[in-house]
Amino acid sequence: MKNSTSAAPAPQVPAPLKNAPLRTEPRPERSTGSRVGELVQRQGVLAVLLTVILIASFVYPTFASLDNARGVTVQASFLAIVALGMTLVIITGGIDLSVGSVFALGGVLAAWASQWGFLAALLVPLVVGGAIGLVNGLLIARANMAPFIVTLASLLAARGILLAFTDEGATTYLVPKDSAFAELGQGSVWGFGYPILIALVLFGAGGLLLQRTSFGQTLFAVGGSSDAATLMGLPVARTKILVYTLSGLLAGLAGALNAARLSSGVTIVGVGMELDAISAVVIGGTLLIGGAGSISGTLWGVLLLAVIQNLINQIGSLNSSYQSVVSGGFLIVVVVAQRYLARSRRTT
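Rules and cut-offs
Residues numbered from 1 in each chain as written. Predicted model: local features only at pLDDT ≥ 70, side-chain atom pairs only at ≥ 80, totals over all residues. Heavy atoms only, no water. Helix = DSSP H or I, 4+ residues; strand = E, 2+ residues; numbered from the N terminus. Buried < 20%, exposed > 50% of the residue type's maximum accessible area, 1.4 Å probe, protein only. Contact = heavy atoms within 4.5 Å. Areas by Shrake-Rupley, 256 points an atom, 1.4 Å probe, with all protein chains shown as cover. Phe/Tyr/Trp six-rings, centres within 6.5 Å; stacked < 30°, edge-to-face > 60°. Lys NZ or Arg CZ within 6 Å of the ring centre and 35° of its normal. Core = buried A, V, L, I, M, F, W, Y, C linked by side-chain atoms within 4.5 Å. Salt bridge = Lys/Arg side-chain N within 4 Å of Asp/Glu carboxyl O. Bend = angle between axes of the 7 residues up to and from the residue. pLDDT = per-residue confidence, 0-100. Polar contact = N/O pair within 3.5 Å; in protein donor to acceptor, adjacent residues only side chain to side chain. Patch = residues over 30% accessible without salt bridge, like charges linked within 9 Å, V, L, I, M, F, W, Y side chains within 5 Å.

Looking at the overall build of the chain
Line of reasoning, step 1. Within the chain one finds 13 helices and two strands.
Line of reasoning, step 2. Buried positions account for 43% of the 348 residues belonging to the chain.
Line of reasoning, step 3. Considering only intrachain contacts with a sequence separation of at least 6, the fraction spanning at least 24 residues in the chain is 76%.
Line of reasoning, step 4. Surface exposure of the chain reaches about 18800 Å², of which carbon and sulfur atoms provide 65%.

This is the structure in structure tokens:
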């Protein structure tokens, strides 16, 4: 009798599914609160600005006049140019306290150099302002020094150079009348001064740089996390050096334009301008911790501060010190709102 052993049946392996659709997890949709929060951060200052303008136009008829609008925008154009550079710096997570002193120094140097012509009056403040920004960037990026300390030292140094150059403010350099450089600050196109047009062109270029170039994306990456940006192979040190150099260049340019408008290099201007620039940038939605911000928001923030100042002048019974009170109030509200929005995003 033969013993027959039957082999156990081999386990059946399912054939690979050739045409089976891939199952992908659906992307979690952002909550309505998160999207509203982002919209408020980006465009909230514009809504406030339009509301203030609308109310002021009804209360003070002279506020809505074209002449008043020209005056407000010309006055705001210098701060706008400085705040543009500050925006790039803050997006990277830094700060530049030297811009007010560089603004004043640039104006004095422009007025002094205007005796040698248009190009000298424009190039000297640009070179000096850019050099101060370059030193700031090198110390911050290469020596790993704190931006607050470095730019505070530059603030004091630039103001000291200004005082030494003008004999403690006793010497005032004048811009030659009817010169091409004076026309740059006092001339206009369709009633709007050249400083306004220059500021708009610079903001347009800054918006394209920030949103449409790899350099702009690098700024956001560096501000979000400098260590992560380094691991990604991004040029972190070079980016920081460039933004501080640009900030110095723009502060020097704004000072030169202001000197052309005033026909002199005034030594007392620019005091506290760095704080106004920071306020405009933060009110415009740029986070002080870096990694988020917009050029358009900074423009609306500058205009809001300028409109507040103009309203105080319209009232007449209030002095200019109330602008600091209102600006400080706006700044506190915006910073608290930013912290709340950031916290709500982490929880959604």
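Notes on the environment of A260
Line of reasoning, step 1. Position of A260 relative to the elements: it lies in helix α10 (residues 236–262).
Line of reasoning, step 2. On the basis of relative accessibility, which here comes to 0%, the residue A260 falls in the buried class.
Line of reasoning, step 3. Distance in space between the C-alpha atoms of A260 and A110 is 8.0 Å, their sequence separation being 150 residues.

A look at unusual backbone geometry
Line of reasoning, step 1. Even without being a glycine, D178 presents a positive backbone phi close to 60°.
Line of reasoning, step 2. Relative to the elements of secondary structure, D178 occurs in the loop between α5 (147–165) and α6 (180–186).
Line of reasoning, step 3. In this structure, S263 is a non-glycine residue whose phi angle is positive, near 65°.
Line of reasoning, step 4. Residue position: S263 is located in the loop between α10 and α11 (273–283).
Line of reasoning, step 5. By relative accessible area, S263 is classed as partly exposed at 22%.

Notes on the environment of N258
Line of reasoning, step 1. Residue placement: N258 occurs in helix α10.
Line of reasoning, step 2. Through-space distance from the C-alpha of N258 to that of G107 is 6.5 Å; in sequence the pair is 151 residues apart.
Line of reasoning, step 3. Filtering out sequence-adjacent residues up to four positions away, N258 remains in contact with F78, F103 and V269.

What to know about the packing of aromatic side chains
Line of reasoning, step 1. Inspection of every chain in the model, using the stated rule, returns four aromatic pairs.
Line of reasoning, step 2. Both rings, one in W112 and one in W116, keep their centres 5.0 Å apart while their planes meet at 75°; by these two values the pair is edge-to-face.
Line of reasoning, step 3. A relative accessible area of 56% means that W116 is categorised as exposed.
Line of reasoning, step 4. For the ring pair F118 and F181, a centre distance of 6.5 Å and an interplane angle of 65° mean the geometry is edge-to-face. Here F118 is found in helix α4 (residues 118–141), whereas its partner F181 is found in helix α6, with 63 residues between them in sequence.
Line of reasoning, step 5. Judged by its relative accessible area of 31%, F118 falls in the partly exposed class.
Line of reasoning, step 6. These aromatic residues form a ring-pair network of at least three members: W112, W116, F165 and Y173.
Line of reasoning, step 7. Taking the ring centre of F192 as reference, the NZ or CZ of R70 above it sits at 5.8 Å.

Overview of the nonpolar core
Line of reasoning, step 1. V82, M86, F181, L210, L219, V243 and V302 are the most contacted members of the largest nonpolar core, which has 76 residues in total.
Line of reasoning, step 2. In terms of residues, this core owes the most to one element, helix α2 (residues 66–91), which gives 15 residues.
Line of reasoning, step 3. With residues up to four places along the chain from it excluded, the contact list for L219 reads L88, I91, T92, L210, T239 and V243.

Quick look at the pattern of salt bridges
Line of reasoning, step 1. Tallied over the entire structure, the rule returns one salt bridge.
Line of reasoning, step 2. The salt bridge involving R70 is made with D67; its shortest N-O contact spans 3.4 Å. Residue R70 and its partner D67 are both found in helix α2; the two are separated by three residues, about one turn of the helix.

Quick word on α2
Line of reasoning, step 1. At S77, α2 is bent by approximately 35°, the largest bend along its length.
Line of reasoning, step 2. In terms of burial, α2 is largely enclosed, as 19 of its 26 residues are buried.
Line of reasoning, step 3. Looking one or two places after α2, you find G93, whose phi comes out positive at around 90°.

Digging into the confidence of the model for the chain
Line of reasoning, step 1. With 81% of its residues at a pLDDT of 70 or more, the chain has an overall mean of 83.
Line of reasoning, step 2. Low pLDDT, under 50, characterises residues 1–8; the predicted model gives this stretch zero contacts beyond four residues in sequence or across chains.
Line of reasoning, step 3. Scored below 50 in pLDDT, residues 13–28 makes zero contacts in the model with residues more than four places away or belonging to other chains.

A few points about the environment of S101
Line of reasoning, step 1. Positionally, S101 belongs in helix α3 (residues 99–113).
Line of reasoning, step 2. Of the residues examined, S101 reaches a relative accessible area of 2% and is grouped as buried.
Line of reasoning, step 3. Separated by 150 residues in sequence, S101 and A251 place their C-alpha atoms 8.7 Å apart.
Line of reasoning, step 4. Once residues within four sequence positions are removed from consideration, S101 is found in contact with L155, A158, R159 and G270.
Line of reasoning, step 5. Polar side-chain contacts of S101 include one of 3.0 Å to the backbone oxygen of L155.

Let's talk about a nonpolar patch on the surface
Line of reasoning, step 1. A contiguous nonpolar surface patch, about 460 Å² in accessible area, is contributed by L54, I55, F58 and V59.
Line of reasoning, step 2. Take L54: it is sitting in helix α1 (residues 32–59).

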